[in-house]
Amino acid sequence: MATNIDNGGNNSTSNETVTKKLNPKKCNLLDHHSIKHLLDENACELIVYRKERNAIMFTHPPPGSFNVTGVVVSSKFPSFSDMYTLTIESADPNSISANKPVELTKSVTKWFTKDGVLVEGIFWKDVEGLVESYNKEPKKNK
């Protein structure tokens, strides 16, 4: 997947950025599975970058960490509905370090053009807000 979230301080235009601009992510708006797949893929891409950096999947806390748990990211997109729900919760909800789950529910019509192109900037802003909300949630009292 071609993304250019951080080019390591290099100010030159990368091939990834050019590829992304020439090949916008598009799906069939009449296919529920196509929409859900594209949104899930982008949400995971952003959350991995924002929360776990280079990790592909993170299910356990880092070794030696006593105040962080892994995260579970899930989504729902019921048939015959335009409402997509993205949830972030602790991989260990019983841990004293577990944050409270957070959820974003929004109509997919806010993230796609009429031609089925995902407007990533708007979608990523919403997902970033969800990640920030998860990180700000107070720890559970045990």
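Only a predicted model underlies this, so the values are computations on that prediction, with no experimental measurement involved.

Engineer: Before we move on, can you summarise the pairing of strand β2 (residues 83-90) with the specific residues and values?
Structural biologist: Taken across its 8 residues, β2 has 6 buried, putting it largely inside the fold. Bridge count between strand β1 (residues 71-76) and β2: 6 bridges; the pairing is antiparallel. When the bridges of β2 are listed, S74 appears paired with T87. Between β1 and β2, which pair antiparallel and follow one another directly, the connecting turn spans 6 residues, one of which, F80, has a positive phi of 65°.

Engineer: Run through the pattern of salt bridges, naming residues and quoting values.
Structural biologist: Counted by the stated rule, this structure contains 3 salt bridges. For K36, the salt bridge is made with D40, and the minimal N-O distance between the two is 2.7 Å. One end of the pair, K36, and the other, D40, are both in helix α2 (residues 32-52), 4 residues apart, so they sit about a helical turn from each other. The exposure class of K36 is partly exposed, given its relative accessible area of 24%. For the salt bridge of K106 with D126, the shortest nitrogen-to-oxygen distance reads 2.8 Å. Taken as a pair, K106 in strand β3 (residues 102-107) and D126 in helix α3 (residues 120-136) lie far apart in primary sequence, 20 residues in all. Given a relative accessible area of 18%, D126 falls into the buried group.

Engineer: Describe the sheet that holds β3, naming the residues involved and giving the relevant values.
Structural biologist: Ordered by their spatial adjacency, 3 strands build an open sheet running β1-β2-β3, and the pairing between neighbours is antiparallel. A single partner strand is all that each edge strand has here, and the edge strands are β1 and β3. With direction set aside, neighbouring strand axes in the sheet form an average angle of 15°. Its contacts with the sheet place α3 against β1, β2 and β3, and it is angled at close to 30° to β2.

Engineer: Which residues make up the nonpolar core, and what values go with them?
Structural biologist: Most often, soluble globular proteins keep nonpolar side chains buried together rather than apart. Counting residues in hydrophobic clusters, the biggest one holds 24 residues, and the most contacted among them are L39, Y84, W111, F112 and F123. For this core, the secondary structure elements donating two or more residues are α2, β2, β3 and α3. Setting aside chain neighbours within four positions, we find F112 in contact with C27, L29, I35, L38, L39, V117, L118 and V119.

Engineer: Which residues make up α3, and what values do they have?
Structural biologist: Look at α3: 24 Å from first C-alpha to last across 17 residues, which is about the 24 Å you get at 1.5 Å a residue. If you check which residues of α3 are buried, you get E120, F123, W124, D126, V127, L130, V131 and Y134. Within α3, the buried residues cover an arc of 160° as seen down the axis, which keeps them to one side. Across α3 from its buried face, at more than 90 degrees, point the exposed residues G121, K125 and K136.

Engineer: An account of the packing of aromatic side chains is requested, with residue identities and associated values reported.
Structural biologist: Taken as a whole and judged by the stated rule, the model has 3 aromatic pairs. Relative to Y84, the ring of F77 lies with its centre 6.2 Å away and its plane at 65°, an arrangement referred to as edge-to-face. Accessibility assignment for this pair places F77 and Y84 in one class, buried. Seen from their ring centres, W111 and F123 are 4.8 Å apart, and the 75° between their planes marks the pair as edge-to-face. One end of the pair, W111, is in the loop between β3 and α3; the other, F123, is in helix α3, with 12 residues separating them in the sequence. Classification of W111 by relative accessible area gives buried; the value is 0%. The structure contains a cluster of three or more aromatic residues connected by ring pairs, namely F77, Y84, W111 and F123.

Conventions used here
Residues numbered from 1 in each chain as written. Predicted model: local features only at pLDDT ≥ 70, side-chain atom pairs only at ≥ 80, totals over all residues. Heavy atoms only, no water. Buried < 20%, exposed > 50% of the residue type's maximum accessible area, 1.4 Å probe, protein only. Helix = DSSP H or I, 4+ residues; strand = E, 2+ residues; numbered from the N terminus. Pairing = 2+ DSSP bridges. Salt bridge = Lys/Arg side-chain N within 4 Å of Asp/Glu carboxyl O. Axes fitted to C-alpha atoms, helices over the stretch in contact; angles between N-to-C directions. Contact = heavy atoms within 4.5 Å. Core = buried A, V, L, I, M, F, W, Y, C linked by side-chain atoms within 4.5 Å. Expected span 1.5 Å × (residues − 1). Arc of directions from axis to C-beta. Phe/Tyr/Trp six-rings, centres within 6.5 Å; stacked < 30°, edge-to-face > 60°.

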